[in-house]
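One-letter residues, chain by chain:
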Amino acid sequence: EAKQYDWFCDMHREALAISRIGKVRQIISSARMTSEFEVKVGSVPFLPDFTPFAYSGGLPVTIEGAIVSTADITPTRSGSAWEIFMD
């Protein structure tokens, strides 16, 4: 029974975890910045318009992946800061 309860708690935690950010990396060159965010996302949320469930959360299915953003970086005239122009 303890293992079954632990399994239930793990599945419940996963179902309610809409997203979690893991490691974040930034790669900066002389003119570009790339940011990479590792994420885990609950992939099947309960939507009250389409399911009989009317509470937040979802099925305990998790997708792991990364969100990547890029930007041009340009030093300001003073040279003490950068302007960032996201793609």
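Notes on the structure follow. (Residues numbered from 1 in each chain as written. Predicted model: local features only at pLDDT ≥ 70, side-chain atom pairs only at ≥ 80, totals over all residues. Heavy atoms only, no water.)

Digging into the overall build of the protein chain
Tallying secondary structure elements over the protein chain gives one helix and four strands in all. Listing the helices and strands of the protein chain from first to last along the sequence gives α-β-β-β-β. Burial status across the protein chain gives 14% buried among its 87 residues. Partitioning the contacts of the protein chain with sequence separation of at least 6, the portion at a separation of at least 24 is 41%. Carbon together with sulfur atoms contributes 60% to the accessible area of the protein chain, which is approximately 7,000 Å² in total. (Helix = DSSP H or I, 4+ residues; strand = E, 2+ residues; numbered from the N terminus. Buried < 20%, exposed > 50% of the residue type's maximum accessible area, 1.4 Å probe, protein only. Contact = heavy atoms within 4.5 Å. Areas by Shrake-Rupley, 256 points an atom, 1.4 Å probe, with all protein chains shown as cover.)

Considering the pairing of strand E2 (residues 32-42)
Where strand E1 (residues 19-28) meets E2, eight bridges bridge the pair, whose relative direction is antiparallel. Residue pairing for E2: Arg 20 is matched across the bridge by Lys 40. The sheet contact formed by E2 and strand E3 (residues 62-75) spans eleven bridges and is antiparallel. Opposite Arg 32, over in E3, you have Asp 72 as the bridge partner. (Pairing = 2+ DSSP bridges.)

Some thoughts on the environment of Arg 20
Of note, Arg 20 is situated in strand E1. A C-alpha to C-alpha distance of 9.9 Å links Arg 20 and Phe 37, two positions 17 residues apart in sequence.

Things to note about the pattern of salt bridges
Taken as a whole, this structure holds three salt bridges when the rule is applied. The partner of Arg 25 in a salt bridge is Glu 36, and the shortest N-O contact between them spans 3.9 Å. Linking Arg 25 in strand E1 with Glu 36 in strand E2, this pair joins segments that are eleven residues apart in sequence. Relative accessible area serves as the criterion here: at 35%, Arg 25 is assigned to the partly exposed category. Residue classification places Glu 36 among the partly exposed positions, given a relative accessible area of 24%. (Salt bridge = Lys/Arg side-chain N within 4 Å of Asp/Glu carboxyl O.)

These figures come from the coordinates and say nothing about function on their own.
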